[in-house]
Amino acid sequence: MDALEALTTRRSSPRLSAPAPTHEQIDIIVQSALRAADHALLRPSRFLLLQDQALTRLGELFLAADIADGVELTPAQREKILNKPLRAPTIIVAIAALQEHPKVPTIEQEYSAAAAVQCMSLAAYAQGLGSMWRTGSKAYHEIVRSGLGVQLNEKIIGFLYLGTPCGPLKGLVEHDVNDYLSLWETD
Ligand SMILES: Cc1cc2nc3c(=O)[nH]c(=O)nc-3n(C[C@H](O)[C@H](O)[C@H](O)COP(=O)(O)O)c2cc1C
């Protein structure tokens, strides 16, 4: 797919199934992440690849987070939470590893990590894969963080669900650039 076509037509796929991205496709996705803008080239992102049993384990962490918070759950609700990471055959967890730097505030390092997630989403789409960037409260929960080995100086920027889109892609919403772009005129 042409780069501009990917940039102007990318959309998320909430429903994903097997086949999972191949090793080669994952490689291109992560290479793309490493092209994200990065002030002072700090490389503030790292990524975890979750497949198979690891997805089940992530669901267990999601459930453990709710149980730790005292959330009352019916058996059906427990099952739904356990199954959340199984909505795709692959998840890449994008983590921002933040460091003190004299010129690069940590918020800029988070921006860079977020740009990396967008790059991965585009790289997936350009290869005919589907993706969906998710966070939710679990991304910030200590049980999930520590279960995934996220350190104190790190933040989960997103769970990028990856796989084969189920059915046709959703329609594209047309945007008028002029609703978002204006000429800044000086006096
Ligand atoms: C930081 C971030 C977190 C997100 N978390 C969720 C989420 O937890 N659940 C969800 O349904 N969409 C989430 N989204 C939005 C979707 O990834 C997606 O962008 C949105 O549904 C719009 O669809 P589109 O990407 O096709 O335009 C998140 C987006 C961002 C940037």
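The structure displayed is predicted, hence computed values, not measured ones.

Peer 1: Looking at this structure, how should I read the overall build of the chain?
Peer 2: Within the chain, the regular secondary structure consists of 6 helices and 5 strands. Of the regular secondary structure in the chain, the N- to C-terminal order runs α-β-α-β-α-α-β-α-β-α-β. Overall, the C-alpha framework of the chain stretches about 60 × 45 × 35 Å when taken along its three principal axes. Here the chain, with 187 residues, has 39% of them falling under the buried criterion. For the chain, contacts bridging at least 24 residues in sequence account for 81% of all contacts bridging at least 6.

Peer 1: Would you take a moment to explain the site of the ligand for this structure?
Peer 2: The immediate surroundings of the ligand are formed by Arg10, Arg11, Ser12, Met132, Trp133, Arg134, Thr135, Gly136 and Lys170. Residue lysine 170 places a side-chain N or O atom 2.9 Å away from an oxygen atom belonging to the ligand. For the ligand, whose accessible area on its own is 620 Å², the fraction buried by protein is 53%. A class-by-class count of the residues in the shell around the ligand yields 2 nonpolar, 3 polar and 4 charged.

Peer 1: Just checking my understanding: could you explain the layout of surface pockets for this structure?
Peer 2: A probe matching the size of a water molecule, rolled over the atoms, marks out where space remains unfilled. Approximately 240 Å³ is the volume attributed to the largest pocket. Thr8, Arg10, Leu172, Val173 and His175 are the residues nearest the centre of the largest pocket, which is lined by 13 residues in total. Tallying contributions element by element places helix H1 (residues 3-9) first for the lining of the largest pocket, with 3 residues. Classifying every residue of the lining of the largest pocket by side-chain character gives 3 nonpolar, 6 polar and 4 charged.

Peer 1: Help me understand the pattern of salt bridges in this model?
Peer 2: Two side chains of opposite charge can pair, provided their charged atoms sit close to one another. Going through the model one piece at a time under the given rule, you end up with 6 salt bridges. A salt bridge links aspartate 66 to lysine 138; the shortest N-O distance between them is 3.2 Å. One end of the pair, aspartate 66, is in helix H3 (residues 53-68); the other, lysine 138, is in the loop between strand S4 (130-134) and helix H6 (142-147), and 72 residues separate them in sequence. Its relative accessible area of 11% is what places aspartate 66 among the buried residues. When its relative accessible area of 15% is taken as the criterion, lysine 138 is described as buried. For arginine 145, the salt bridge is made with glutamate 142, and the minimal N-O distance between the two is 3.0 Å. With arginine 145 and glutamate 142 both in helix H6, this residue pair falls 3 residues apart, about one helical turn.

Peer 1: I keep staring at the environment of proline 85 and nothing clicks. Help me out?
Peer 2: Along the chain, proline 85 falls in the loop between helix H4 (75-83) and strand S3 (90-97). Distance in space between the C-alpha atoms of proline 85 and leucine 58 is 6.6 Å, their sequence separation being 27 residues. Discounting residues that sit within four places of it in the chain, proline 85 has contacts with Leu55, Leu58, Gly59, Phe62, Ile91 and Tyr161.

Conventions and cut-offs
- Residues numbered from 1 in each chain as written.
- Predicted model: local features only at pLDDT ≥ 70, side-chain atom pairs only at ≥ 80, totals over all residues.
- Heavy atoms only, no water.
- Helix = DSSP H or I, 4+ residues; strand = E, 2+ residues; numbered from the N terminus.
- Buried < 20%, exposed > 50% of the residue type's maximum accessible area, 1.4 Å probe, protein only.
- Contact = heavy atoms within 4.5 Å.
- Near = heavy atom within 4 Å.
- Polar contact = N/O pair within 3.5 Å; in protein donor to acceptor, adjacent residues only side chain to side chain.
- Areas by Shrake-Rupley, 256 points an atom, 1.4 Å probe, with all protein chains shown as cover.
- Nonpolar A, V, L, I, M, F, W, Y, C, P; charged D, E, K, R; others polar.
- 1 Å grid on protein atoms, 1.4 Å probe; cavity = no way out; pocket = protein on both sides within 12 Å on 5 of 7 lines; lining within 4 Å.
- Points joined across faces, edges and corners; volume = space filled by probe spheres on them.
- Salt bridge = Lys/Arg side-chain N within 4 Å of Asp/Glu carboxyl O.

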